[in-house]
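Architecture at a glance
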Amino acid sequence: MRAVFAVLLAVATATLYALSTSVQALEARRTPSSTALRGSLLARLARRPLWVVGTAAGVVAWPMQAAALAVGSVALVQPALGAGLVVLLALGAFVLGESVGARELGGVVAIVAAVAVLGWSAPTETGAFTSGGTWAVGLVAIVLVAAPFALRAARLSGGLPTSIAAGLGWAWVGLATSLVDISLADRRFVVAAGWGLVVGVLSLGTLLAEMTALQSWPATRAVPIAFGLEMLLPAVLAPALTHATPPHPVAFGLALAVASAGVVLLGGSGATAARATARE
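Predicted model, so just to flag it, every value in this text is computed and none were measured. All residue numbers here refer to positions counted from 1 along the written sequence of the relevant chain. Only residues with pLDDT of at least 70 get local features here, since the model is predicted, and only at 80 or more are side-chain atom pairs given and counted; chain-wide, interface and lining totals rely on the full set of residues. Side-chain measures were taken over the full set of non-hydrogen atoms in the model, leaving aside hydrogen atoms and water.

**Description of the packing of helix H1 (residues 2-28) against helix H9 (residues 189-216)**
Contact geometry of H1 with H9 gives a least axis separation of 8 Å together with a crossing angle of 60 degrees. Classified by the angle between their axes, H1 and H9 sit oblique to one another. The interaxial crossing formed by H1 with H9 has right-handed handedness. Only Leu207, Glu210, Met211, Leu214 and Gln215 of H9 make contact with H1, whose side of the interface consists of Thr21, Gln24, Ala25 and Ala28. Axis definition: a line fit to C-alpha positions, over the contact stretch in the case of helices; interaxial angles, taken between N-to-C directions, run 0 to 180 degrees. Elements are defined by DSSP. Helices are runs of H or I of four residues or more, strands are runs of E of two residues or more, and each kind is numbered from the N terminus. An angle below 35 degrees is treated as roughly parallel, one above 145 as roughly antiparallel, one from 65 to 115 as roughly perpendicular, and anything else as oblique. Handedness of a helix crossing follows the sense of rotation of the near helix relative to the far helix, less than a right angle counterclockwise being left-handed and clockwise being right-handed. When checking whether two residues touch, look at their non-hydrogen atoms; a contact exists if any pair is within 4.5 Å.

Right, here's the structure in full:
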């Protein structure tokens, strides 16, 4: 029952995230490319009411994600966020006017089917992080905070590198959020506040990378890559970072492979790729 509740919370969270991203994409496209990976990009967007509304939806979604991670494992909740791709594709077609065909729908079906299997095969709870796992989350978070600035210095502000940076960042936000939940459950409030600060700073840098990706790529191209990393990477790493192990490891691994295939189908869509190329 806990797993079902966690999945339902994750689906609601993913829906809000998809709505948030779609609204943000409308405004991000209207910003000059000279602001890519710069603080001025977020400063410009923050003055636009529609973007603020979209961002507010994302802010509301975070405590829902934290609640889902409190009752279900990160290996279950993060892949379940892929349900937001269904909402994204619908919004991409009807709001953003982007192409959605059989390939995209096939990717969605693969992800939804994989999430259903994960509900049975994934650990029911995240479990305690190992000492090495905790350090890994913290150290990689520091690297990811600096990622947008490193990409700007290397002049890699295109849709692919910034989408990857966004996906890695949101994946690590999910892992850090799990550590917030665990610290609160253990009544280590100072530690929880510290991880909350990590979540806040990392979210800001990740948001910058994501908005830069949406400047040049359509949402149905950039977001599946970011979503794919966000949903799959924590699930793949969870057995190495925590003491929790999947009760049905073969089914768990196959479900992650099917979800990955769905992400590839969505991210490699020829129709959206052509639009992305035209916009770069």
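Here the narrative resumes.
**Quick notes on the environment of leucine 237**
Within the secondary structure, leucine 237 is located in helix H10 (residues 219-241). Between buried and exposed lies partly exposed: a residue is buried under 20% and exposed over 50% of the maximum accessible area for its type, with that area taken using a 1.4 Å probe on protein chains only. The exposure class of leucine 237 is partly exposed, given its relative accessible area of 25%. Leucine 237 sits 162 residues away from alanine 75 along the chain, and the two C-alpha atoms are 8.4 Å apart.

**Examining the pattern of salt bridges**
Whenever Lys or Arg places a side-chain nitrogen within 4 Å of a carboxyl oxygen from Asp or Glu, that contact is recorded as a salt bridge. Inspection of the entire model under this criterion finds three salt bridges. One salt bridge connects glutamate 27 with arginine 30, and the closest N-O pair in it is separated by 3.4 Å. Residue classification places glutamate 27 among the buried positions, given a relative accessible area of 8%. Using a relative accessible area of 55% as the deciding quantity, one classes arginine 30 as exposed. For arginine 48, the salt bridge is made with glutamate 27, and the minimal N-O distance between the two is 3.3 Å. Linking arginine 48 in the loop between helix H2 (39-45) and helix H3 (49-71) with glutamate 27 in helix H1, this pair joins segments that are 21 residues apart in sequence. Each of Glu27, Arg30 and Arg48 takes part in one network of salt bridges that share partners.

**Thoughts on the nonpolar core**
Think of a nonpolar core as a cluster: buried Ala, Val, Leu, Ile, Met, Phe, Trp, Tyr and Cys residues, connected wherever their side-chain atoms sit within 4.5 Å. The biggest cluster of nonpolar side chains holds 71 residues, and the ones touching the most others in it are Leu76, Val137, Trp172, Leu175, Met211, Leu214 and Phe252. Among residues more than four places away in sequence, those in contact with tryptophan 172 are Ala136, Val137, Val140, Ala141, Leu144, Leu202, Leu233 and Leu237.

**Topic: the confidence of the model for the protein chain**
A residue's pLDDT is the confidence the predictor assigns to it, expressed on a 0 to 100 scale. On average, residues of the protein chain score 83 in pLDDT, and 91% of them reach the 70 mark or higher. Contacts for the low-pLDDT stretch residues 270-280, under 50 throughout, to residues beyond four places or in other chains number 24 contacts.

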